[in-house]
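Given next are the chains, with one letter for each unit.
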Amino acid sequence: MTTPLSKPKRKDPTKRTRIPSLPPGKRSREAHGLTAMAAVGRFALQVCNECQKVQYPPRQICSNCLNDKLFWRDVNNGGKLLAETKLQHSNDTYFRDRIPWRLGIVIADAGPSIVAHLGEDCIRDQRVRMSLSIDRAGNAVITARPEKPTQLEEDDVQLREMAFNPKDRRVLIVDGKTELGLRIAENMVAAGARDVFVGSAEPWRSSSYLDKINDLERTSIYSLDVTDTESVKELASMIGDKVEILVNNSYHLRMGGLVDKFDINTAHDEMEIHYHGLMRLAAFFGPIMKLRSADGPHGASAWLNVLSAYALINNPDLATYSASQAAALSLSQCLRSEMAAGGIRVLNAFTGPIEDEWQQIAPPPKLIPDTVAKRIIKGLQDGKEDIIIGAVAEEICARIAENAKEIERTIKL
Amino acid sequence: MDITRNKYDGIAVCAPVTIPYTRYSLKSSHWFCGQSIAALIKRAKIKKEAIDGFCISSFTLSPDSAVGLMQHLGTSPRWLDHIPMGGASGGVALRRAARAVQSGDAEIVACVGADTNHVDTFRNTIATFSQFANDAVYPYGSGGPNSSFAFLTDYYMREFGAKREDFGKLCIAQRENALPVKHAMMKKPLNMDDYINARTIADPIRLYDCVMPCAGAEGFLVMSIERAKFLKLPYTQILSTIERHNAFPDDPIQYRGGWAIDVDEFYEQAGLGPKDMDLVQLYDDYPVICFMQIEDLGFCDKGEASKFIKDKDLTTKGNFPLNTSGGQLSQGQAGAGGGFLGVVETIRQLTGEVLGYQVDNVQNGLVSCFGMINYDRGLCTSAAILSKGDL
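Engineer: Please give an account of the overall build of chain B that cites residues and values.
Structural biologist: Helices and strands together make up the secondary structure of chain B, namely 14 helices and eleven strands. Relative to a compact globule of 391 residues, whose C-alpha radius of gyration would be 21 Å, chain B shows 19 Å and is just as compact. By principal-axis analysis of the C-alpha atoms, chain B measures approximately 55 × 50 × 45 Å. Within chain B, buried positions represent 61% of all 391 residues. Across chain B, contacts joining residues at least 24 apart in sequence account for 79% of those joining residues at least 6 apart.

Written as structure tokens, this is what we have:
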């Protein structure tokens, strides 16, 4: 059984905080093919189009038939642990700070031998299941766990570096005045979050969701208005050093197009909340989280933006909303780059239409907020980078990959 | 069509030189190469210009290669080779230089394996070792060769029942062999308790299973026997060589090396067998690799190395003199110099120019090299049988 995660202790102010460092980040272009697969939680390796040989490490030429047509395909993630070691010495600062570090060499059912980060419960000669994870430097790595999930395996301190189980972590949910905000809070509490901080803007406006959040255990509500720089700054100075997972679920959706329904005020509000709001959060929470990424197994770890899949392609029925989401997505890529230097991972969830008061006329299938919340938690637990939620979002991604010009011309609510 | 490989008739290997090892050095690899070539010239009492071929191996010469080194040293050879095979480079340099001289492409070839070691050299070398290493092993704990050999050792011990005591016996004997060598990194006698209880580096590898990275160089000359005699240089002859890269790529984990493919041809060319070897130098960056070589080079069957060495005395006084100057485990690993150490020590023993203990009554010596652990296994193997030349 995995060693249970130690309970977070009150910090000893006389002790040195571990300074963030990153695992080695140098990768070839081919190896970033793994990162693309890891981002969406696939276990895919290069397969030769000609002879079907599965290749690893990534390369440009098939090691069997020298064909250069290698494609990323999902392969069986099973294997057998052939040999293992527990490093007590490392040449790299990141690992030196974290030894002992367990590694194994796995013979994959798919063919190749794979060096993998090893979960505590893996046993030599026994079956393991592998996954593609993303390490703190933002690059894909292969992790191995026992074939059958074991008790407390999510407590594994080593693998927790690559996944963001809310258990024992403190979470900030930016907007508590939506049903999604409520459901995320509920599911965070259920997943064992140590503290859930929930933001609330516009104090004059009551919210039944906020009332329910108020009743949740380990949950507290703070004034937070992402359109107000001072408000963000104040909350960051108050709880910024406690936030270990930040969920930016800022949400402002109004129907309408561009030429046919010119509404600069709506567009302005959407940008203010989705784009400038993200900027403000990044400016004040970002630096603090970056400094705390190595602060023990409970340090700051992930930043998750809840975006619409329309960030990926403009839906003319939600023209300005889509544009503001695209702006936020673009900014999130910069955020990922800047936060990576401090070992904080930036994740984006892409949702289809949600069943709420602002998307009444969107046709089904629509997502129940609780489903979205559960998928967000699961995405964090798996350490995914892009969490695609629901049939509509999945279809949008598939269609963009297939023919972006086709979806651009035909997408509507 | 069956083509018989040519023998190395008429070729002399001589003038073993060693630039003393130091843990760290402020000097560059160019300095170690240059010092080696100066030492070779001095030893052979020839002019710099007399050397018309160079075979260089070095990790730390970068951004230069052997080409830039020639300008650095003011030499104009008509034959130049740069061998990027790390631990296997000594054996490979030997056979290439021999063919160059045999064919008349060069008259005297200087073979040098040299590397410096600044405080950050080793880390930089392993952090940028190869594409596969960067992509698929260094980000996994950054243990360098320790973690890769930990896998191989773990697998070997379990598969073939080898015990740490068996590895210990080899390490202890090598340490004894190293004691009179002045520049050896490890100069204190080693006992089994120290070996067994040393601090763990990467389970099951402990401290004394590992080599100490250091700076230093090894070199030798290859020329015709006539010339060696004219220069009055004691020499050795090459009876056989082999070289192999990326052997057994389908083995899920390495438990044998390229020697196993080429071993029959190896002894056939020499007209000798394993029993005829009076001393053996094996590449020893970790003891498990010595065990593999003992098996793959036909001294015993696969998995039997523990049993084989049980009743053997591996010291220079013993019935199976192994790594007679202490090997890299005791002398240190001078980068690519480590790939030359075995060749140079074999020449020393056969020409009576030892730095440590001389093995009595030696006629034939076997040297085996292993290099470039890349991703999950070592890729390059080479070996040679040298015999004492008659002056």
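Following the structure, the description resumes.
Engineer: Give me helix α14 (residues 338-351) of chain B: which residues, what numbers.
Structural biologist: Residues and elements named next belong to chain B. Across its 14 residues, α14 extends 20 Å between first and last C-alpha, which sits within 8% of the 20 Å expected from 1.5 Å per residue. Counting buried positions over the 14 residues of α14 gives 14, a clear majority of the element. Taken from the residues just after α14, Gly-352 is the one with a positive phi, measuring 70°.

Engineer: Can you break down the domain arrangement of chain A residue by residue, with the values?
Structural biologist: Residues and elements named next belong to chain A. Domain annotation of chain A identifies domain 1 (32-158) and domain 2 (170-410). Centre-to-centre separation of domain 1 and domain 2, based on C-alpha positions: 31 Å. Domain 1 puts eleven residues into the contact, and the matching count from domain 2 is 13 residues. Considering only residue class, the side of domain 1 that touches domain 2 consists of five nonpolar, three polar and three charged.

Engineer: Now, about the nonpolar core: what can you tell me, with residues and values included?
Structural biologist: Note on soluble globular proteins: their nonpolar side chains tend to be buried together. Within the largest apolar cluster, 244 residues are counted, with the highest numbers of intra-cluster contacts made by Leu304(A), Val13(B), Val109(B) and Leu221(B). Broken down by element, this core gets its largest block of residues, eight residues, from strand β1 (residues 11-22) of chain B. Residue contributions to this core reach at least three from each of two domains, namely domain 1 (32-158) and domain 2 (170-410) of chain A. Those residues in contact with Leu221(B) that sit more than four places away from it in its chain are Cys14(B), Ala15(B), Leu40(B), Ala44(B), Ile108(B), Val109(B) and Ala110(B).

Engineer: Explain the interface of chain A and chain B residue by residue, including any values.
Structural biologist: In this complex, chain A contributes 30 residues to the contact, which on the side of chain B involves 30 residues. Secondary-structure elements contributing two or more residues to the side of chain A that touches chain B are β4 (78-87), β5 (101-108) and β6 (113-118) of chain A. Broken down by element, the side of chain A that touches chain B gets its largest block of residues, six residues, from β4(A). Grouping the amino acids of the side of chain A that touches chain B by side-chain chemistry returns 15 nonpolar, nine polar and six charged.

Engineer: Lay out the sheet that holds strand β13 (residues 302-308) of chain A with the relevant residues and their values.
Structural biologist: Residue and element names in this part refer to chain A. Overall, parallel pairing links the seven strands, which are arranged β11-β10-β9-β12-β13-β14-β15 in an open sheet. Two strands close off the open sheet at either side, each with one partner strand: β11 (219-223) and β15 (386-389). When the angles between neighbouring strand axes are averaged without regard to direction, this sheet yields 20°. Looking at chain direction, strand β9 (residues 170-173) and strand β10 (residues 195-200) are connected through four bridges and run parallel. When the sheet's bridge partners are listed, Arg-170 is paired in β10 with Asp-195. Strand contacts of helix α7 (residues 319-340): β13 and β14 (345-351), with the helix running at about 165° to β13, the strand carrying the most contacts.

Engineer: Describe in detail helix α1 (residues 29-44) of chain B, supporting the description with residues and values.
Structural biologist: Residue and element names in this part refer to chain B. Between its terminal C-alpha atoms α1 stretches 23 Å, which fits the 22 Å expected from 16 residues at 1.5 Å a residue. Among the residues of α1, those classed as buried are Ser-29, Phe-32, Cys-33, Gly-34, Ser-36, Ile-37, Leu-40, Ile-41 and Ala-44. Buried residues along α1 sit in contact with β1, β2 (53-57), α2 (66-73), β4 (109-115) and β7 (215-224).

Engineer: Any details on the pairing of strand β8 (residues 235-245) of chain B? Residues and values, ideally.
Structural biologist: Looking along a regular strand, one sees side chains alternate from face to face of the sheet. Residues and elements named next belong to chain B. Most of β8 is tucked away: eight of the eleven residues are buried. Taken together, the three bridges between β1 and β8 define a ladder with antiparallel strand orientation. Across the sheet, residue Val-13 finds its bridge partner in β8, namely Thr-236. Two elements, β8 and strand β11 (residues 377-388), share nine bridges in a ladder whose sense is antiparallel. By the bridge assignment, Thr-241 is partnered in β11 with Ala-384.

Engineer: Requested: an account of the packing of α1(B) against α2(B), with residues and values cited.
Structural biologist: All names here are of chain B. For the pair α1 and α2, the least separation of the axes is 11 Å and the interaxial angle reads 65°. For the crossing formed where α1 meets α2, the hand is right-handed. Every residue of α2 that contacts α1 at His-30, Cys-33, Gly-34 and Ile-37 is listed here: Leu-69, His-72 and Leu-73. The residue makeup of the contact of α1 with α2, split by class, is four nonpolar, three polar and no charged.

Reading guide: rules and limits
Each chain carries its own residue numbering, running from 1 in the written order of its sequence. Ligands are numbered from 1 and chains lettered from A, in the order in which they are written. Local features are withheld for residues below a pLDDT of 70 in this predicted model, meaning they are given only at 70 or higher, and side-chain atom pairs are given and counted only at 80 or more; totals for whole chains, interfaces and linings count all residues. Counting from the N terminus, the helices are the DSSP runs of H or I reaching at least four residues and the strands are the DSSP runs of E reaching at least two. The globule rule is 2.2 Å times the number of residues to the power 0.38, and the radius of gyration it is compared with is taken over C-alpha atoms. Burial is judged by counting the other C-beta atoms within 10 Å of a residue's own C-beta: 20 or more makes it buried, 12 or fewer makes it exposed, and any count in between marks it as partly exposed, with every C-beta position built from the backbone. The contact criterion used is a C-beta to C-beta distance within 7 Å, with each C-beta placed from the backbone. One less than the residue count of a helix, multiplied by 1.5 Å, gives the span that helix is expected to have. An automatic or database domain assignment provides the domain bounds reported here. Each residue gets one of three labels, nonpolar for Ala, Val, Leu, Ile, Met, Phe, Trp, Tyr, Cys and Pro, charged for Asp, Glu, Lys and Arg, and polar for the others, Gly among them. The term nonpolar core refers to a group of buried residues, namely Ala, Val, Leu, Ile, Met, Phe, Trp, Tyr and Cys, whose C-beta atoms join them within 7 Å. At least two DSSP bridges between two strands are needed for those strands to be called paired. To obtain each axis, a line is fitted to C-alpha atoms, and for helices this fit is confined to the stretch in contact; angles are then taken between N-to-C directions over 0 to 180 degrees. In a left-handed crossing the near helix is turned counterclockwise from the far helix by less than a right angle, and in a right-handed crossing that turn is clockwise.

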